[in-house]
Amino acid sequence: MDNATIEAKLKDMIVGRLFLAVAPADIVTDASLIDAYGVDSVCLLELVVGLEEAFGVVVEDGDFDVRNFISVAALRDFVKARLPA
């Protein structure tokens, strides 16, 4: 799966799961989800469930680092590292 496909799927998942009042295409890939879109710790847990469902990846306890969830770009890299080659 290429970067653009992962990013588009992530943006759709973020807007859908967090009920953001923004179009998926308008989410800036490198913007902080926390600062720009008001994502909080509860939202991050919802994103974990979304990642597991949408991409079939397993999020381990050690993966709960804000750096993995700070932006769409960080989420993309996180997912990409866990997808089968």
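For the structure itself, look to the data block above.
Note that this is a predicted model, so its numbers are computed, not measured. (Residues numbered from 1 in each chain as written. Predicted model: local features only at pLDDT ≥ 70, side-chain atom pairs only at ≥ 80, totals over all residues. Heavy atoms only, no water.)

### Here we look at the nonpolar core
Filter applied, for reference: We define a nonpolar core as any set of buried Ala, Val, Leu, Ile, Met, Phe, Trp, Tyr and Cys residues linked to one another through side-chain atoms lying within 4.5 Å. Throughout this description, buried means an accessible area under 20% of the type-specific maximum (1.4 Å probe, protein chains only), exposed means over 50%, and partly exposed covers the range between. Secondary structure elements are defined from DSSP: runs of H or I of at least 4 residues count as helices, runs of E of at least 2 residues count as strands, and each element is numbered from the N terminus. Here, two residues are considered to be in contact whenever any of their heavy atoms come within 4.5 Å of each other.
Ranked by size, the top nonpolar core spans 26 residues in total, and within it Leu10, Ile14 and Leu51 carry the most contacts. Residue assignment for this core shows that the elements contributing at least two residues are helix H1 (3–18), helix H2 (33–37), helix H3 (41–55) and helix H5 (72–82). Those residues within four positions of leucine 51 in sequence are excluded, and the remaining contacts are Leu10, Met13, Gly56, Val57, Phe69, Leu75, Phe78 and Val79.

### Considering H3
Applicable threshold: The span expected for a helix works out to 1.5 Å for each residue beyond the first. The definition of a polar contact used here is a pair of N or O atoms within 3.5 Å, where within protein one atom must be able to donate a hydrogen and the other to accept one, and adjacent residues in sequence count solely through side-chain atom pairs.
With 15 residues, H3 extends 21 Å from end C-alpha to end C-alpha; this agrees with the ideal 21 Å at 1.5 Å per step. Burial in H3 covers these residues: Cys43, Leu44, Leu47, Val48, Gly50, Leu51 and Phe55. Looking at where H3 begins, the residue whose side-chain oxygen comes 3.2 Å from the main-chain nitrogen of valine 42 is aspartate 40. Just past H3, the residue glycine 56 takes up positive phi, approximately 70 degrees.

### Topic: the environment of asparagine 68
For asparagine 68, the position within the fold is in helix H4 (residues 66–69). Note on asparagine 68: relative accessible area 21%, which makes it partly exposed. Separated by 11 residues in the primary sequence, asparagine 68 and valine 79 have C-alpha atoms spaced 9.3 Å apart. Setting aside residues up to four positions removed in sequence, asparagine 68 forms contacts with Asp63, Ala74, Leu75 and Phe78.

### Considerations on the packing of aromatic side chains
Under the convention used in this document: In summary, the pairing rule links any two rings of Phe, Tyr or Trp, Trp by its six-membered ring, whose centres are within 6.5 Å, and it sorts them by plane angle into stacked for under 30 degrees, edge-to-face for over 60 and tilted for everything else.
Counted by the stated rule, this structure contains 2 aromatic pairs. Geometrically, the ring pair formed by phenylalanine 64 and phenylalanine 69 is stacked, given 6.4 Å between the ring centres and 20 degrees between the ring planes. With a relative accessible area of 3%, phenylalanine 69 lands in the buried category. Centroid distance phenylalanine 69 to phenylalanine 78: 5.7 Å. Interplanar angle 40 degrees. Geometry classified as tilted.

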